[in-house]
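# Summary of the model geometry
The primary structure of each chain is shown beneath.
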Amino acid sequence: MGEEGTRGTVHLLCLAASSGVPLFCRSSRGGAAARQQLPFSVIGSLNGVHMFGQNLEVQLSSARTEDTTIVWKSFHDSITLIVLSSEEGNSELRLERLLQMVFGAMVLLVGLEELTNIRNVERLKKELRASYGLIDSFLGDSELIGDLTQCVDCVIPPDGSVLQEALSGFAEAAGTAFVSLLVSGRVVAATEGWWRLGTPEAVLLPWLVGSLLPQTARDYPVYLPHGSPTVPHRLLTLTLLPGLELCLLCGPRPPLSQLYPQLLDRWWQPLLDPLRACLPLGPRALPDGFPLHSDILGLLLLHLELKRCLFTVEPLRDKEPSPEQRRRLLRNFYGLVTSMHFPPEPGPPEKAEDVVHQAQLPRACYLVLGSEEPGTGLRLVALQLGLRRLLLLVSPQSPTHGLRSLATHTLHALTPLL
């Protein structure tokens, strides 16, 4: 896990499981590379070795070469996804969750029926093109992290109670229980119904809206991978300010013309100032002036039960490393601590030995990139208290013996927010 991290390439393959026919191939490089197919011999070999194992009742899930990690995953005995990553620090956990998100995106925009009963491969290929933009956003250097944490990216607005009250009133007037306010793909506020959406749609829907080109209003058909994978719903989006959108999940009613502009103006025109205050929250996540220690270069806070997270690399933006490098370091560190140190999901122990295992789990860990001497290496620290987990990227001048205290103090300060 280098201090700057090496940007390799991620190749994603999607094949029909029964025939091995490639449905699409995407790449993290974007542009022409995103459309460039891997050699068919490579695709055939990767799928062939996976099918060979299945015929012998052996499940091949991952493999490593000197510079590449490969992960296979089959869904409903119908779709096989394969990912090859040469990015430094990309863990198997990250790649497994990437494949789960990719299949969720396919269901979200095409529906499970089309994916499990493939009657016409060429037609399915055309339909899957609608998911390319969302899938490519998972492969790129996103400012969000819900694809990895499986938690909803959130921000904390300065006037949260005012926005929440308006959101609830607007939802009632619109006749739907599922409404959220989004800034740059992150949830500012949402109704109780929206928060009850299952995984992965709770993460996918804001991510989808954030990946689309700006529009004043949209009426978008979507399937819910967990809640309604075969019957489509309507995702309505209404732009309040550039980058700030209302999202409604509903059935045949209401028509978009009923919401825009009359209902929209009635509920949101009086709140222009609180809405404008939300615009800088996209990359920052926290309200302006929130007290963070000056050594903190980035943070990730997760509430493991609510499945929500705060993620920012905005503190001390003028210092090295760059925001992109900070995000990469925190993502890689999350993969490391989640797969090696902390349990990925909260829950009651099922067996007596599980109780013993939980008692032995670490509550904190840290990593120094380079020498442990002050001023010579970035620090990463993780702390878990109850249902909250905090990861910090800390500047080199912070002494290692003070990292746990810094993380504990920061977590206590953030706890009222999430």
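We now turn to the structure provided with this report. (Residues numbered from 1 in each chain as written. Predicted model: local features only at pLDDT ≥ 70, side-chain atom pairs only at ≥ 80, totals over all residues. Heavy atoms only, no water.)

### Regarding the pattern of salt bridges
- Under the defined criterion, the tally for this structure stands at 13 salt bridges.
- A salt bridge links Lys125 to Glu122; the shortest N-O distance between them is 3.5 Å. Of the two residues, Lys125 and Glu122 both sit in helix H5 (residues 121–128), 3 residues apart, roughly one turn of that helix.
- Take Glu122: its relative accessible area is 48%, and that puts it in the partly exposed class.
- Residues Glu192 and Arg196 are paired through a salt bridge, measuring 3.9 Å at the closest nitrogen-oxygen approach. Arg196 shares its class with Glu192; the two are exposed.
- Salt bridges linked by common partners bring Arg94, Asp147 and Arg331 together as one network. (Salt bridge = Lys/Arg side-chain N within 4 Å of Asp/Glu carboxyl O. Helix = DSSP H or I, 4+ residues; strand = E, 2+ residues; numbered from the N terminus. Buried < 20%, exposed > 50% of the residue type's maximum accessible area, 1.4 Å probe, protein only.)

### Focus on the sheet that holds strand S13 (residues 308–312)
- A sheet is described by the order of its strands in space; here 6 strands give the open sequence S6-S13-S12-S16-S15-S14, paired in mixed fashion. Looking at the sheet topology across the chains shown, the edges are occupied by strand S6 (152–153) and strand S14 (364–370).
- Relative to strand S16 (residues 388–394), strand S12 (residues 296–303) runs antiparallel, the two sharing 7 bridges. Bridging from a neighbouring strand, Gly298 pairs with Leu393 of S16.
- In the packing of helix H14 (residues 323–340) onto the sheet, contacts are made with S12, S13, S14, strand S15 (377–385) and S16, and the angle to S16 comes to roughly 135°.
- Across the sheet, helix H16 (residues 403–414) touches S12, S14, S15 and S16, and the angle it forms with S16 is around 125°. (Pairing = 2+ DSSP bridges. Contact = heavy atoms within 4.5 Å. Axes fitted to C-alpha atoms, helices over the stretch in contact; angles between N-to-C directions.)

### Here we look at helix H8 (residues 160–174)
- Over its 15 residues, H8 extends 21 Å from the first C-alpha to the last, a length consistent with the 21 Å expected when each residue adds 1.5 Å.
- Of the residues making up H8, those classed as buried are Leu163, Ala166, Leu167, Gly169, Phe170, Ala171 and Ala174.
- Tucked into the core, H8 has its buried residues touching strand S7 (178–183), strand S8 (186–190), strand S10 (228–241), strand S11 (244–250), helix H11 (256–268) and helix H12 (272–276).
- Looking one or two places after H8, you find Gly175, whose phi comes out positive at around 80°. (Expected span 1.5 Å × (residues − 1).)

### Focus: the pairing of S10
- Bridge count between strand S9 (residues 217–224) and S10: 7 bridges; the pairing is antiparallel. By the bridge assignment for S10, Pro221 is matched with Arg234.
- What sits between the antiparallel neighbours S9 and S10 is a turn of 3 residues.
- Sheet analysis places S10 next to S11, joined by 7 bridges and oriented antiparallel. Looking at S11, one finds that Leu241 is bridged to Leu244.
- The antiparallel hairpin formed by S10 and S11 contains 2 residues in its connecting segment, where Gly243 sits at a positive phi of about 90°.

Any functional reading would require information beyond the geometric quantities listed.
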